[in-house]
Amino acid sequence: VQLQASGGGLVQAGGSLRLSCAASGHTFSNYNMGWLRQAPGKEREFVAAVRWSAGITDYADSVKGRFTIARDNAKNTVYLEMNSLKPEDTAVYYCAAGYLSLTDNYLRPSGYNYWGQGTLVTVSS
């Protein structure tokens, strides 16, 4: 399973970015897909996820109403639309794929088996 994240960059507070994650090497639709982030000196934390079926989504409280996750199973791609960005959103963002058997844990890093390389998002004040 390979995950390739892209779309990070430098943006001013209040701005927007769209992250993409292209997956290959597995049946994409059979996995939960998530975005997690890690800021300098902090632990990796859950940001958003979309389940393998029915498009059920979950968000960290810190990003609710600002971020939107979506998946396109036909393109094997998951997106994270980030609006109203804040300096505290600065982090390396990772996309991840998790087995269905880990769904109970998919709001945590432990709910994922495969990780992309990360893409840096920097929000300036």
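Refer to the structure presented above.
Residues numbered from 1 in each chain as written. Predicted model: local features only at pLDDT ≥ 70, side-chain atom pairs only at ≥ 80, totals over all residues. Heavy atoms only, no water.

(A) Broad picture of the overall build of the chain. Within the chain, the secondary structure is distributed over 0 helices and 11 strands. The order of helices and strands in the chain, counted from the N terminus, is β-β-β-β-β-β-β-β-β-β-β. Expressed along its principal axes, the backbone C-alpha trace of the chain runs to roughly 40 × 25 × 25 Å. Burial status across the chain gives 43% buried among its 125 residues. (Helix = DSSP H or I, 4+ residues; strand = E, 2+ residues; numbered from the N terminus. Buried < 20%, exposed > 50% of the residue type's maximum accessible area, 1.4 Å probe, protein only.)

(B) Region of the structure containing the environment of Ser124. Within the secondary structure layout, Ser124 lies in strand S11 (residues 119-124). As for Ser124 and Thr77, which are separated by 47 residues in sequence, their C-alpha atoms are 28 Å apart. Not counting the four nearest positions on each side in its chain, Ser124 is found in contact with Leu10, Val11, Gln12 and Ala13. (Contact = heavy atoms within 4.5 Å.)

(C) Focus on the pairing of strand S7 (residues 67-72). Alternating positions in S7 separate cleanly, Phe67, Ile69 and Arg71 being buried on one face and Thr68, Ala70 and Asp72 remaining unburied on the opposite face. Pairing of S7 with strand S8 (residues 77-82) involves 6 bridges; the strand directions are antiparallel. Bridge pairing in S8 places Asp72 opposite Thr77. Hairpin connection, S7 to S8: the antiparallel pair is bridged by 4 residues, and Asn76 has positive phi, about 50°. (Pairing = 2+ DSSP bridges.)

(D) Up close: the state of the cysteines. Inspection of the entire model under this criterion finds 1 disulfide. Covalent S-S linkage joins Cys21 and Cys95, the inter-sulfur distance amounting to 2.1 Å. Looking down the S-S bond of the Cys21 and Cys95 bridge, the torsion is 55°, so its handedness is right-handed. On the criterion of sequence distance, the pair formed by Cys21 in strand S3 (residues 17-24) and Cys95 in strand S9 (residues 91-98) is long-range, its members being 74 residues apart. There is no split in this pair, since Cys21 and Cys95 are both buried. (Disulfide = S-S within 2.5 Å.)

(E) Geometry of the pattern of salt bridges. For the coordinates displayed, the defined rule picks out 6 salt bridges. Across the salt bridge formed by Arg37 and Glu45, the nearest N and O atoms sit 2.7 Å from each other. We classify Arg37 as buried; its relative accessible area is 6%. You can call Glu45 partly exposed: its relative accessible area is 36%. Each of the salt bridges in this network shares a partner with another, and the network as a whole consists of Arg37, Glu45, Arg66 and Asp89. (Salt bridge = Lys/Arg side-chain N within 4 Å of Asp/Glu carboxyl O.)

(F) Fine view of unusual backbone geometry. You will see that Asn76, though not glycine, has its phi angle at about 50°, which is positive. Residue position: Asn76 is located in the loop between S7 and S8. A relative accessible area of 23% means that Asn76 is categorised as partly exposed.

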